[in-house]
Amino acid sequence: MKYDAIVIGAGMSGLAAGIRLAMFDKKVVILEKHSISGGLNSYYQRRNFDQGGVRQFDVGLHALTNFIKKGEKGKPFSKLLKQLRLSYDDFKLCPQTHSRISFPDVELKFSNEFDLLMTEVSEKFPKEIDSFAVLVEKVKGFNELDLSLGYTSSRDTLKKIFKDDLLIEMILCPLLIYGSAWEDDMDFAQFVIMFKSLYFEGFSRPEGGVRTIISLLLKRLEEVGGEIRFKSSVTSILTSEMGQVVGVDLGGEILYAPIILSSIGYPETVRITPALESPSSPRVGAMTFLESIFIFDKKIPLDQNNSTIVFYNNAKNYSYRPATNLYDSTSAVVCFPDNYEAQKNSGEGVIRVTFMANYAHWKELGREEYDLKKEQVGESALKLIKTMVPRFDGKVLFKDIFSPLTIERYTWHLNGTVYGSIDKTRDGTTKVAGLFIIGTDQGFLGIIGSILSGISMANLHGLMGAKHEV
Amino acid sequence: MTASNVRQIVLDIISDIAPDEDVTVIDDAKSLREQLDLDSMDFLDIVMELRKRHKVEVPQEDYSKLATLESCVSYLSPKFA
């Protein structure tokens, strides 16, 4: 079978790329190994027999970043609406109340109104408010979408602006844990993307969670005539002797296309492309996580906690790196999804707790030990919840914990990495002509970032580049 | 095809790409980018829609000729002839 383009992976970037190509009459197929779409932002279900039903959980989604109000223009979210011709209302966004960065002696709140963070910084770090204004101007004036930028350390940049290390740590904490493949630091272009996404624009959650977004994208793909195949695992990316991509092997069936957009990760793509193998292959990132999800028999009263996301750190120095042991409970991201507006006030309460983990240690465990350790993670998470909402007496109806191994098993990202390789290819190119990387390892992260990555790479290499090949 | 036909074709495309924009107030001589919320991605869509709907090709080096509505009409009219 011959196509104009093949997209590997039906995550956010793959679906977006497929839509863009099909919109302009390219014959395109998206190949997905899993039986459902979403990739790192997917969903799963668990039976719970005592309550006689099936519960569905989102995998990745704590928050959708890049919140805009209806009609707001020139923002990443409005760009994706236009490019995919989707309507704002279909996303059914429920904005956050506010979130907070919680360190041992100080807290900073932020919301979808940037002024709140400005006020918080001026109150808690009065000596640094002018420096903060300098950073804000620097972020505003920075062109983070310049695909030719190299790596610059955010920490070094921040150290030149601020005197107070604690403020640097607090500003970095949510940005790192919501999108850095690098340990304890991130590329400054990435910092700017994240600063705008989280602090300037803020959080919301689509009613119905990540499935709302996935359904919208799948429906759009169908409307524009794109094809999608599930349970289709690419065993090899085929190249010609000239070093041009020619197609993919599905373990017997061969599909041909002059353009392949791979969203499965840079190292993961190299692994199935014999022509890309070299000693300087992109490195697998180290950042992976554990998440515990609890369903309580009642909601957490707002007078006990009214934040949506809490970026919690109890260590003297915040550390963003793989845990020394199986996991690190001194810091966490705690998500209270009930505190998105328009969520019901009665019924069950939900809390999600994310800890940094260490893939290698989890990999070593035997089956029984693995289950036991997962239980321990759940207990640590409950303990943390107890310190945050000490008066809350809700009963746990259901819990589920996923580990780096779970992430690896269902997303096929090596070592369960969530933010991909530390070697990004910002323009998407690889050493093989016609083979491009999209999604996380192209460098745009999060749901909105991934969708924009798929769009911009499809535009650049699939639509604009198309003319040059003929 | 008359100049006003070509003008309408471009306006129809812009309305579909950016449904929130009011295309009735466009000054033909002024840059589209300055009057509407259009970025390089949107200009690519104008080019792609011209190809898809009217089989009119605009090579990448000519994208700048689509800067104003006036320049769109003078550049595209011969292609519609």
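Everything numeric here is computed off the predicted structure, so don't read it as measured data.

Remarks on the overall build of chain B
Each helix and strand in chain B was counted, giving 4 helices and 0 strands. Going residue by residue from the N terminus, the α and β elements of chain B occur as α-α-α-α. Here chain B has a C-alpha radius of gyration of 11 Å; the compact-globule value for 81 residues is 12 Å, and the two agree. The principal-axis extents of the C-alpha atoms in chain B amount to approximately 30 × 25 × 20 Å. Split into buried and exposed, the 81 residues of chain B put 28% on the buried side. Across chain B, every contact between residues at least 6 apart in sequence was considered, and the portion connecting residues at least 24 apart equals 57%.

Let's talk about the confidence of the model for chain B
In regions of low pLDDT, the predicted coordinates are not meant to be interpreted in detail. On average, chain B scores 93 in pLDDT, and the residues at 70 or more come to 100%. For this predicted complex, the interface score ipTM comes out at 0.92, while the overall pTM is 0.94.

Notes on the sheet that holds strand S7 (residues 107–110) of chain A
All names here are of chain A. Here we have 7 strands laid out as an open sheet, ordered S7-S6-S15-S16-S17-S14-S18, and mixed in their pairing. Every interior strand has two partners, whereas the edge strands, S7 and strand S18 (396–402), have only one. The average undirected angle you get between the axes of adjacent strands in this sheet is 15°. Taken together, the 8 bridges between strand S14 (residues 289–296) and strand S17 (residues 349–357) define a ladder with antiparallel strand orientation.

Here we look at helix H1 (residues 3–17) of chain B
Taking 1.5 Å of rise per residue, the 15 residues of H1(B) would be expected to cover 21 Å, and the 21 Å separating its terminal C-alpha atoms lies within 8% of that figure. At its buried positions, H1(B) is contacted by helix H2 (76–84) of chain A together with helix H3 (40–54) and helix H4 (69–80) of chain B.

So, the packing of helix H13 (residues 446–464) of chain A against H3(B)
Taken N-terminus to C-terminus, the directions of H13(A) and H3(B) make an angle of 30°; their axes are 11 Å apart at the nearest point. Classed by the angle they form, the pair H13(A) and H3(B) counts as roughly parallel. In the crossing of H13(A) with H3(B), the sense of the turn from one axis to the other is left-handed. Facing H13(A), whose interface residues are A:Asn459, A:Leu463 and A:Met464, H3(B) presents B:Met41, B:Leu44 and B:Met48. Its residues assigned to classes, the contact of H13(A) with H3(B) shows 5 nonpolar, 1 polar and no charged.

Let's talk about the nonpolar core
Residues A:Ile6, A:Ile260, A:Leu261, A:Val334 and A:Ala357 are the most contacted members of the largest nonpolar core, which totals 154 residues. Apart from the residues within four sequence positions on either side, A:Leu261 is in contact with A:Ala5, A:Val7, A:Ala17, A:Phe436, A:Ile438, A:Met457, A:Ala458 and A:Gly462.

Remarks on the interface of chain B and chain A
Listed as interface residues are 12 residues of chain B and, on the opposing side, 12 residues of chain A. The greatest single-element share of the side of chain B that touches chain A, amounting to 5 residues, is contributed by H3(B). Class assignment of the residues belonging to the side of chain B that touches chain A gives a composition of 6 nonpolar, 1 polar and 5 charged.

Comments concerning the environment of A:Leu238
All names here are of chain A. Tracing the backbone through its elements, the reader meets Leu 238 in strand S10 (residues 236–239). On a C-alpha basis, the gap between Leu 238 and Ile 293 in space is 41 Å, while along the polypeptide they are 55 residues apart. Ignoring any residue separated from it by four or fewer positions in sequence, one finds Leu 238 in contact with Val 246, Gly 247, Val 248 and Asp 249.

Quick notes on the rules
Residues numbered from 1 in each chain as written. Chains lettered and ligands numbered in written order. Predicted model: local features only at pLDDT ≥ 70, side-chain atom pairs only at ≥ 80, totals over all residues. Helix = DSSP H or I, 4+ residues; strand = E, 2+ residues; numbered from the N terminus. Rg over C-alpha atoms; globule rule 2.2 N^0.38 Å. Buried ≥ 20, exposed ≤ 12 C-beta atoms within 10 Å, placed from the backbone. Contact = placed C-beta atoms within 7 Å. pLDDT = per-residue confidence, 0-100. Pairing = 2+ DSSP bridges. Axes fitted to C-alpha atoms, helices over the stretch in contact; angles between N-to-C directions. Expected span 1.5 Å × (residues − 1). Parallel < 35°, antiparallel > 145°, perpendicular 65-115°, else oblique. Left-handed = near helix turned anticlockwise from the far one by under 90°. Nonpolar A, V, L, I, M, F, W, Y, C, P; charged D, E, K, R; others polar. Core = buried A, V, L, I, M, F, W, Y, C linked by C-beta atoms within 7 Å.

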